[in-house]
Amino acid sequence: MYNFEFEKPATIADAVAALGAEDAQALGGGQTLLPTMKQRLAMPSKLVSLSGIGEMQGVCREDDGSLAIGGATTHATVAAEAAAHYPALADLASHIGDPAVRNRGTIGGSLANNDPAACYPAAALGSGATIVTNAREIAADDYFQGLFTTALEEGEIITSVRFPVPEAANYQKFVQPASRFAMVGVFVAKFVDGVRVAVTGASEEGVFRWSEAEAALGASFTADAVDGLTVDAAGMMADIHATKEYRAHLIGVLTKRAVAAAS
Amino acid sequence: MPKDSGIGASPKRREDLRFLTGTGNYTDDINLSGQAYVHFLRSDVAHGKINGIDTTAAAAMPGVVRIFTGADFEGVGSIPCGWQVTDRHGQPMQEPAHPVLAQGKVRYVGDAIAAVVADTAEQARDAAEAIELDIEELPAVIDMKEAVKDGAPKVHDDLTSNLCYDWGFVEENKPAVEEAFAKAAHVTTLELVNNRLVANPMEPRVAVGDFNRATGESTLYSTSQNPHVIRLLMGAFVLGIPEHKLRVIAPDVGGGFGTKIFHYAEEAFCTFAAKALNRAVKWTSTRSEAFMTDAHGRDHVTKIELALDADNNFTALRTDTYANMGAYLSTFAPSVPTWLHGTLMAGNYKTPLIYVNVKAVFTNTVPVDAYRGAGRPEATFQLERVIDKAARELGVDPIALRRQNFITEFPYATPVAVEYDTGDYNATMDKLIEVADFAGFEARRAESQQNGKLRGLGVNCYIEACGIAPSNLVGQLGARAGLYESATVRVNATGGLVVMTGSHSHGQGHETSFPQVIADMIGIDESMVEIVHGDTANTPMGMGTYGSRSLAVGGSAMVRATEKIIAKAKKIAAHILEASDADIELKDGQFSVAGTDKSLAWGDVTLAAYVPHNYPLEDIEPGLEETAFYDPANFTYPSGAYACEVEVDPETGKVTIERFAAADDFGNIVNPMIVDGQVHGGIGQGIGQALLEGCVYDENGQLLSASYMDYAMPRADDVPFYQVDHSCQTPCTHNPLGVKGCGEAGAIGSPPAVVNAVVDALQSAGKDVTHIDMPLTPNRVWSALNS
Ligand SMILES: Cc1cc2nc3c(=O)[nH]c(=O)nc-3n(C[C@H](O)[C@H](O)[C@H](O)COP(=O)(O)OP(=O)(O)OC[C@H]3O[C@@H](n4cnc5c(N)ncnc54)[C@H](O)[C@@H]3O)c2cc1C
């Protein structure tokens, strides 16, 4: 690890100001950033920790029924506090990494990082969430822009994430056996006005919505409705764990299982 | 009634107190005053010509003490190989030089090019980044079969090819084997891969070199399974330090699994640099370095053929294996695919004719050497897979086919040079059928089916040769070392004992089980016995721990030394009790004169040995300390039968292990709990190999599975609760304890059971699947289901 400066502001405004320094970088739970720094693949001049900012912590039900989660809220907190309001989301959070990762890692860090195999992107896109930053609000549909790429500007902080709560939802994660990130993960959410299906871990373009499945499930929210639908293997990722064809196949299987399990 | 002490009891492991409370003393805990740190600059290409190394800028960086390159090791010895294999034509294997730091070429990703020694580890790493390298990348050879083709790039320019050796065993049997195949009623053929593995001990390797200018003595602290072997190899062959001026200490070691047997360049570097700089030098491997530089295991590509007559008797066996050596020859690498593999190809069966061909190949990958089981898992896997395939082709019960061909009379001389002393393969199979509850399988299968899952049952046998080994025999086979073991037993005046053993414990529990043996022999409490190991300065020359040899060979040395102690103590007792030696009996820590009520306590005699006031000084010396070296007469041959039950999710191909049972014959057992633990760990690693672990290089020699993000180790939820039984015991006939060794059996016996079970599950669904290569990832199983 190279040397760096460290700041731990108490307000969003101070954090934004601190991030104005050249090569400064926000620090959430450090579960991605710190290993990268240890390997000397990242060399920020300054880390601005977000963990001391009270207004970025916690889970709270809004008046419109949606669930607002502070950008610096840990996975463990989401797993515990969102359970009553949005069980599918809490369940997803409870299966990220191991207890150490869940007690440090944050939702803002996960969404800012946008790892193509991460879980939260599927929940955010599948729920039609809104990513709230210090500067603006970004619809999930506009936010994810490919592998490790998002709509965030330099120095922009995710202060909270607002999730509309669906009637029924479920996340199916098929783990990559080594990392236990998603080899393929499918988040299905049924709203009054339609169904959203978001797929992580599979595509070369990062998290995406499977629109054919959404249409079919909008017409009939049953596992059988997905029968016969296939995802083109051409755009899928391939690595030592899974071929493109296998990933494309898993999307269908997991979507059906998510529909069957949705509650 | 289970015993509560001595042989056969299961006292808790005394060493666990320090391991579990963070009070162990591992090599990385050792920090010497004024020590400097080394960072190795390693090659990021698999094959390249070093045109230049410019260290000018790096040498000027803060804290840098000195930067070493290959040029500093001109005239220093090569990292030696401890075993020379002779090929089919009577020629010695090709043996390349292995410099401490690369000279002229780099040969695998991770090959050390330069070593920066600095005041802190971070400064050393900073400076390493400032070294300017001019390396011309050359085409790499990764695939073994490509590597031996004419015109393939050569890993070592001074060798004639990438073929280390072409070994035939037993060469004279070849024509008879071919004839038997020509006459066979049925031949089953199977091509398979024994996947390359990374051992991954919990503790990465560490080395601390030290030099005492006043005495001229060098000391190396190292994460080693065999400090005496390192002292000999490094002292005599690499650095030219006589053994009396070199001390090697392997303190607590956090797992080895074979990969810490070998002498590594980093050990030689730290010892060399400490002397050159007159300052202690420390290296601690990162996990990333461990993946790239610890010797890997397995990596065989095999074609096996089994010939049967019309009555399903095995008539001949023929195998053709490519074995990866990596870029250099690691310490015992040449012996693994030959003498630890070819000699086991008879397995538990009386196949009369066997021919094994092994081509050992150099590639631009990290060296490959022994990993838990070493050669024997590779032998067992192919044999037990081909038998299973034969049974299916012939439509006979795989267990019945095995039983029909079992060796049933002992001693049994195999056609592959070894002689099994004891065994009862039907007994372990019977026991397996009982503990694995075969009777309930069909009901469990029906239940799985109701849940949409395919259930399969796989069975296999194994035999292994451990307790390595008779020195005269291994000498004939090319070993450049003897494989005896040693022990010094020192009895103190007040009766406590210290055993200084040449064995080394790095997870095996010697500190608990060895005292159980002595406690029984003398009739005293185990707490009176302490085990000392791991330091060449205070243990007799020993060969260390691997090949499940500690109790069978090291324990035997300890028994022999203790017998000498008892014999001498009886003489002392006889003198004090005014009786003849022959009439003295030792029981429950009391010496008594047969037929009388005269007796003396153990402590009275030990005190007399050191306070010899009333003592037969004219006949025997004072003191009570004896040393024995034990050279075994034969290998030991543990054997057993294993069963695995899997469920396969037909939609995803995911395999889960539902049940796993093991019936082992380890001969006599000293501590059943420790044996259970050894078997559990071995099966865990076997399941890891079968389902999860795969070390993968791409075609350019980049290691793709270079971290735990891509290399899948088995975790608690990947394995079931095991049913382990070792009540079948045919004691070894040639060592004093009648023990056979249990450290590797689990890893040897389990992979074929897993694969046999998955094939069974798939066939039960009507799929014509005869083999899937390990690891059986969901993707591979799904592809097999849909092919
Ligand atoms: C062993 C292990 C297993 C894991 N398993 C999973 C898994 O199964 N599924 C999964 O989804 N993830 C998994 N992760 C990743 C984990 O969820 C991380 O917590 C997450 O990816 C990053 O969150 P963080 O808070 O730690 O961010 P950090 O590592 O601190 O930061 C990551 C990036 O986000 C930026 N950042 C952080 N917070 C904000 C913010 N509020 N606004 C803007 N930018 C910000 C940082 O500058 C940095 O660029 C795993 C990680 C580990 C180490």
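Reference entry: report on the structure contained in this document.

Listed by partner, the interface residues are 22 residues for chain A and 24 residues for chain B. Together chain A and chain B conceal approximately 1900 Å² of surface at their shared face, both sides included; 49% is due to carbon and sulfur atoms. If you look at where chain A meets chain B, you find seven salt bridges. Put simply, A:Arg257 and B:Asp649 hold a salt bridge, and the shortest N to O gap is 2.9 Å. For the pair chain A and chain B, the interface holds 17 residue pairs in polar contact (both at pLDDT 80 or more). Per-element accounting of the side of chain A that touches chain B gives the leading share, six residues, to helix α10 (residues 244-261) of chain A. Taken together, the residues of the side of chain A that touches chain B break down into 11 nonpolar, six polar and five charged.

The next thing to look at is the site of the ligand. Residues and elements named next belong to chain A. Around the ligand, 29 residues are found, and the nearest of them are Ala-26, Gly-29, Gly-30, Thr-106 and Cys-119. At 2.7 Å, a backbone N or O of Gly-30 approaches an oxygen atom of the ligand. Taking His-75, its side chain carries an N or O atom lying 2.9 Å from an oxygen atom of the ligand. The fraction of the free accessible surface of the ligand (960 Å²) that becomes covered by protein chains is 89%. Sorting the residues of the shell around the ligand by element identifies β2 (24-27) and α6 (107-113) as the ones contributing at least two each. If one sorts the elements of the shell around the ligand by residue count, α6 sits on top with four residues. Mapped onto the domain boundaries, the shell around the ligand takes at least three residues apiece from domain 1 (1-49) and domain 2 (168-262).

Let's shift gears to the nonpolar core. Ranked by internal contacts, the top residues of the largest apolar core, which has 148 residues, are B:Val648, B:Phe660 and B:Leu762. Residue contacts for B:Leu762: discarding those within four places in its chain leaves B:Leu454, B:Val648, B:Lys767, B:Val769, B:Ile772, B:Val781, B:Ala784 and B:Leu785.

Here we come to the sheet that holds strand β21 (residues 529-532) of chain B. All names here are of chain B. Taken in spatial order, the four strands make up an open sheet running β21-β20-β19-β25, and their pairing is mixed. The open sheet terminates on both sides in strands that have one partner only, identified here as β21 and β25 (625-630). Across the sheet, the mean angle separating the axes of adjacent strands is 20 degrees when strand polarity is ignored. Direction of pairing for strand β19 (residues 485-491) relative to β25: antiparallel, over a ladder of six bridges. Paired with Val-489 across the strands is Glu-626, a residue of β25. Against the sheet, helix α14 (residues 510-522) touches β20 (497-501) and β21, its axis set at about 135 degrees to β21. Running at roughly 145 degrees to β25, helix α15 (residues 550-577) makes contact with β19, β20 and β25 of the sheet.

All names here are of chain B. Topologically, Pro-515 is positioned in helix α14. Each C-alpha atom of the pair Pro-515 and Ala-57 lies 57 Å from the other, and the pair is 458 residues apart in sequence. For Pro-515, the contacting residues outside a window of four places in its chain are Arg-14, His-510, Glu-526, Val-529 and Ile-531.

All names here are of chain B. Following the criterion strictly, the structure yields 61 salt bridges over all chains and no others. For the salt bridge of Arg-444 with Asp-437, the shortest nitrogen-to-oxygen distance reads 2.8 Å. Relative accessible area serves as the criterion here: at 13%, Arg-444 is assigned to the buried category. Overall, Asp-437 belongs to the partly exposed group, its relative accessible area being 31%. Ionic pairing is found between Asp-588 and Lys-587, a salt bridge with its closest N-O pair at 3.7 Å.

The two faces of the sheet receive side chains in turn, since in a regular strand these alternate between them. Residues and elements named next belong to chain B. Strand β27 (residues 655-665) sits mainly inside the fold: eight of its 11 residues count as buried. As paired strands, strand β26 (residues 639-648) and β27 are joined by 10 bridges and run antiparallel to one another. From the neighbouring strand, Val-646 faces β27, where its bridge partner is Ile-657. Taken together, β26 and the strand that follows it, β27, pair antiparallel across an intervening segment of six residues, in which Gly-653 is found at a positive phi of about 80 degrees. Inspection of the sheet shows β27 paired to strand β28 (residues 722-725) by four bridges, in the parallel sense. Among the inter-strand pairings, Ala-661 is bridged to a residue of β28, identified as Gln-723. With helix α17 (residues 672-692) bridging β27 and its parallel neighbour β28, the resulting β-α-β unit is right-handed.

Residues and elements named next belong to chain B. Taken together, the side chains of Asp-581, Asp-583, Glu-585, Glu-618 and Asp-619 make up a negatively charged region of the molecular surface. Its location among the elements puts Glu-618 in the loop between α16 (602-610) and β25. A relative accessible area of 64% means that Glu-618 is categorised as exposed.

Taking a probe equal in size to a water molecule and rolling it over the atoms shows the remaining empty space. All names here are of chain B. Considering all chains together, one arrives at five cavities of 30 Å³ or more under this definition. Computed from the structure, the largest cavity encloses a volume of approximately 230 Å³. Contributing to the lining of the largest cavity are 20 residues, with His-98, Tyr-108, Tyr-264, Ala-265 and Glu-266 lying nearest its centre. Broken down by secondary-structure element, the contributors of at least two residues to the lining of the largest cavity are β1 (36-42) and α7 (265-277). Tallied by class, residues from the lining of the largest cavity come to 12 nonpolar, five polar and three charged. In this structure, the second largest cavity encloses a volume near 60 Å³.

So, about unusual backbone geometry. Residues other than glycine predominantly adopt negative phi, and peptide bonds predominantly adopt the trans conformation. Cis peptide bonds are those with omega within 30 degrees of zero, and the linkage from B:Phe410 to B:Pro411 qualifies with -5 degrees. Locating B:Pro411 in the fold gives a position in the loop between α10 (398-405) and β16 (412-413). Cis geometry marks the peptide bond from B:Met774 to B:Pro775; its omega dihedral reads -5 degrees. Structurally, B:Pro775 is set in the loop between α18 (745-764) and α19 (778-785). Backbone geometry at A:Asn114 places phi at a positive 50 degrees, although glycine is not the residue there. One non-glycine residue, B:Asn278, lies in positive phi territory at about 55 degrees. Mapped onto the secondary structure, B:Asn278 falls in the loop between α7 and β12 (281-284). B:Asn278 gets classed as partly exposed once you look at its relative accessible area, which sits at 35%.

Analysis parameters
- Residues numbered from 1 in each chain as written.
- Chains lettered and ligands numbered in written order.
- Predicted model: local features only at pLDDT ≥ 70, side-chain atom pairs only at ≥ 80, totals over all residues.
- Heavy atoms only, no water.
- Contact = heavy atoms within 4.5 Å.
- Buried area = accessible area lost by both parts, 1.4 Å probe.
- Salt bridge = Lys/Arg side-chain N within 4 Å of Asp/Glu carboxyl O.
- Polar contact = N/O pair within 3.5 Å; in protein donor to acceptor, adjacent residues only side chain to side chain.
- Helix = DSSP H or I, 4+ residues; strand = E, 2+ residues; numbered from the N terminus.
- Nonpolar A, V, L, I, M, F, W, Y, C, P; charged D, E, K, R; others polar.
- Near = heavy atom within 4 Å.
- Areas by Shrake-Rupley, 256 points an atom, 1.4 Å probe, with all protein chains shown as cover.
- Domains from an automatic or database assignment.
- Core = buried A, V, L, I, M, F, W, Y, C linked by side-chain atoms within 4.5 Å.
- Buried < 20%, exposed > 50% of the residue type's maximum accessible area, 1.4 Å probe, protein only.
- Pairing = 2+ DSSP bridges.
- Axes fitted to C-alpha atoms, helices over the stretch in contact; angles between N-to-C directions.
- Right-handed = clockwise from strand over helix to strand, strands pointing away.
- Patch = residues over 30% accessible without salt bridge, like charges linked within 9 Å, V, L, I, M, F, W, Y side chains within 5 Å.
- Lys, Arg positive; Asp, Glu negative; His and termini not counted.
- Charge placed at Lys NZ, Arg CZ, Asp CG, Glu CD.
- 1 Å grid on protein atoms, 1.4 Å probe; cavity = no way out; pocket = protein on both sides within 12 Å on 5 of 7 lines; lining within 4 Å.
- Points joined across faces, edges and corners; volume = space filled by probe spheres on them.

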